[in-house]
Amino acid sequence: AEIYLMYGKIQTKKQYEKLEEKNLDYLLLVNMDLPQLDPNLYYFTGLDGYEHTIALIGKNPAIYVPGFEIDRAKKESSIKNIKNTKPGLTKNLGKKLKGLRIGINGDFIPINFYNKLRKNKIKMVDMGETIKDLRVVKNKEELAFLQKAIKETKQILKNIDTKKSEMQIAAD
């Protein structure tokens, strides 16, 4: 079994084991409306700024996005099972996930969505803290991204004329 992390790339086996320890069938991440978007949806799928989006992360990952976002999502995510968030999706997901053990991020799942899933006897486990723990540990690729960002930021800051106003700097 694979779980997709950080733009769809697999993180260390130890990190995946943290999720397996909970005997989860899926990790369910939900973005409804701005400004309350779960940053973990981006971390696990590579999709940034999507509203009304649901990601099922696990053995057969799937992402549900609004119809007009399907093409963009297919380009941005390594998860290729992209579907439309049609009316009745919550009900259909409830049937699909019935009796399964699902990890959620309790800080971002809307209560009405949570309650609809509970009606289908879905066992939900708040994985918010575990997800935070997963993201704290950086792999070599993430460290390289951070080092590159630091280097570029230092270069930009070195070239800023501090005698200019913000507007003048932005114009440059």
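Up top is the structure these notes are about.
What you see is a predicted model; the values in this text were computed from it and never measured.

Side note on the overall build of the protein
Now for step 1: Counting secondary structure elements, the protein contains eight helices and six strands.
Now for step 2: Reading the protein from its N end, one meets helices and strands in the order α-β-α-β-β-α-β-α-β-α-β-α-α-α.
Now for step 3: Reported as C-alpha extents along the three principal axes, the dimensions of the protein are approximately 65 × 35 × 25 Å.
Now for step 4: The buried share of the protein, taken over its 172 residues, is 39%.
Now for step 5: Put simply, of all contacts in the protein between residues at least 6 apart along the chain, 53% involve residues at least 24 apart.
Now for step 6: As displayed, the protein has an accessible area near 10800 Å², and 52% of this comes from carbon and sulfur atoms.

Topic: the packing of aromatic side chains
Now for step 1: Applying the stated criterion across every chain, the model contains one aromatic pair.
Now for step 2: The interplanar angle of 75° and the centroid separation of 5.7 Å between the aromatic rings of Y43 and F44 together place this pair among those described as edge-to-face. Accessibility assignment for this pair places Y43 and F44 in one class, buried.
Now for step 3: Across the ring face of Y50, the terminal group of R72 is positioned such that the distance to the ring centre comes to 4.0 Å.

Observations concerning the pairing of strand β5 (residues 101-104)
Now for step 1: Sheet topology note: the strand β1 (residues 26-31)/β5 ladder contains three bridges and is parallel. Across the sheet, residue L27 finds its bridge partner in β5, namely G103.
Now for step 2: As defined by bridge partners, β5 adjoins strand β6 (residues 123-126) across four bridges and the pair is classed as parallel. The partner of G103 across the bridge, within β6, is V125.
Now for step 3: Viewed along the sheet, the connection from β5 through helix α5 (residues 111-118) into β6 turns out right-handed.

With respect to a nonpolar patch on the surface
Now for step 1: Together, I156, L157, I160 and I169 make up an exposed nonpolar region whose accessible area comes to about 340 Å².
Now for step 2: Among the structural elements, I160 can be located in the loop between α7 (140-158) and α8 (166-171).
Now for step 3: Exposure remark for I160: the relative accessible area of 32% places this residue in the partly exposed category.

Examining the packing of helix α4 (residues 89-97) against α5
Now for step 1: Relative orientation of the contacting elements α4 and α5 amounts to 40°, with a least axis distance of 9 Å. Regarding the angle of α4 to α5, the classification is oblique. Considering the relative orientation of α4 and α5, their crossing is right-handed. Between α4, through T90, L93 and G94, and α5, the contact on the second element is made entirely by F113, K116 and L117.

Examining the sheet that holds strand β4 (residues 82-84)
Now for step 1: An order of β4-β3-β2-β1-β5-β6 is seen for the six strands of this open sheet, with the pairing classed as mixed. Whereas interior strands pair on both sides, the edge strands pair on one side only; in this sheet they are β4 and β6. The mean inter-strand angle of the sheet, taken between neighbouring strand axes irrespective of direction, is 25°.

As for the environment of N40
Now for step 1: By the element assignment, N40 lies in helix α2 (residues 39-45).
Now for step 2: On the accessibility criterion, N40 (7% relative accessible area) is buried.
Now for step 3: Among all residues touching N40, those that are not within four sequence positions of it are L29, N105, I131 and R135.

A closer look at the environment of F113
Now for step 1: Tracing the backbone through its elements, the reader meets F113 in helix α5.
Now for step 2: For F113, a relative accessible area of 4% gives the class buried.
Now for step 3: Taking C-alpha positions, F113 is 20 Å from G49, a pair spaced 64 residues apart along the chain.
Now for step 4: Sequence-distant contacts of F113, defined by excluding residues within four places in its chain, comprise L28, V30, M32, I54, T90 and L93.

Cut-offs applied
- Residues numbered from 1 in each chain as written.
- Predicted model: local features only at pLDDT ≥ 70, side-chain atom pairs only at ≥ 80, totals over all residues.
- Heavy atoms only, no water.
- Helix = DSSP H or I, 4+ residues; strand = E, 2+ residues; numbered from the N terminus.
- Buried < 20%, exposed > 50% of the residue type's maximum accessible area, 1.4 Å probe, protein only.
- Contact = heavy atoms within 4.5 Å.
- Areas by Shrake-Rupley, 256 points an atom, 1.4 Å probe, with all protein chains shown as cover.
- Phe/Tyr/Trp six-rings, centres within 6.5 Å; stacked < 30°, edge-to-face > 60°.
- Lys NZ or Arg CZ within 6 Å of the ring centre and 35° of its normal.
- Pairing = 2+ DSSP bridges.
- Right-handed = clockwise from strand over helix to strand, strands pointing away.
- Patch = residues over 30% accessible without salt bridge, like charges linked within 9 Å, V, L, I, M, F, W, Y side chains within 5 Å.
- Salt bridge = Lys/Arg side-chain N within 4 Å of Asp/Glu carboxyl O.
- Axes fitted to C-alpha atoms, helices over the stretch in contact; angles between N-to-C directions.
- Parallel < 35°, antiparallel > 145°, perpendicular 65-115°, else oblique.
- Left-handed = near helix turned anticlockwise from the far one by under 90°.

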